[in-house]
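# Survey of secondary and tertiary structure
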Amino acid sequence: MALRLGIVGCGNIAQRYAERIRALDELELVAAYDALPGRADALVGEFGGEAQPSLAALLGDERVDAVVNLTFPAAHAEVTAAALEAGKHVHSE
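Presented here is an overview of the structure given in this document. Treat the numbers as computed from the prediction; the structure is a model and nothing was measured.

Another aspect to go through is the nonpolar core. Across soluble globular proteins, nonpolar side chains have a tendency to be buried as a group. Ranked by size, the top nonpolar core spans 16 residues in total, and within it Ile7, Cys10 and Leu43 carry the most contacts. The residues contacting cysteine 10, other than those within four sequence positions of it, are Ala32, Tyr33, Asp34, Arg39, Ala40 and Leu43. Counting eleven residues, the second-largest nonpolar core is a separate cluster that includes Tyr33, Leu59, Val64 and Val67.

Structure follows, in structure tokens:
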């Protein structure tokens, strides 16, 4: 069974993560969210998964086992805390 991931922060680095996730059978991209409209749609359009309309929606998605936090540094603590409170594992860049 693959670890199902949700990416938060779909800027430049997210594409490299999504490429690697797609290359590994042990990982699956199931959701993405970005505060800037269109970024999550573009990422999942290329790599699969579902764009979520909010961080809360991504964290409430039962398919997401772990969150890959690719937000800007000032947002890391808030996003990580919210993900942990939602019962998700977290990886931060």
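Having put the structure on the table, let's press on.
Before going further, it helps to examine the environment of phenylalanine 47. Looking at where phenylalanine 47 falls in the secondary structure, it is placed in helix H2 (residues 39-47). When the C-alpha positions of phenylalanine 47 and glutamate 19 are compared, they lie 7.3 Å apart, and in sequence the two are 28 residues distant. In this structure phenylalanine 47 touches Gln15, Ala18, Glu19, Arg22 and Leu29, once residues within four positions along its chain are discounted.

Quick notes on the rules
- Residues numbered from 1 in each chain as written.
- Predicted model: local features only at pLDDT ≥ 70, side-chain atom pairs only at ≥ 80, totals over all residues.
- Heavy atoms only, no water.
- Core = buried A, V, L, I, M, F, W, Y, C linked by side-chain atoms within 4.5 Å.
- Buried < 20%, exposed > 50% of the residue type's maximum accessible area, 1.4 Å probe, protein only.
- Contact = heavy atoms within 4.5 Å.
- Helix = DSSP H or I, 4+ residues; strand = E, 2+ residues; numbered from the N terminus.

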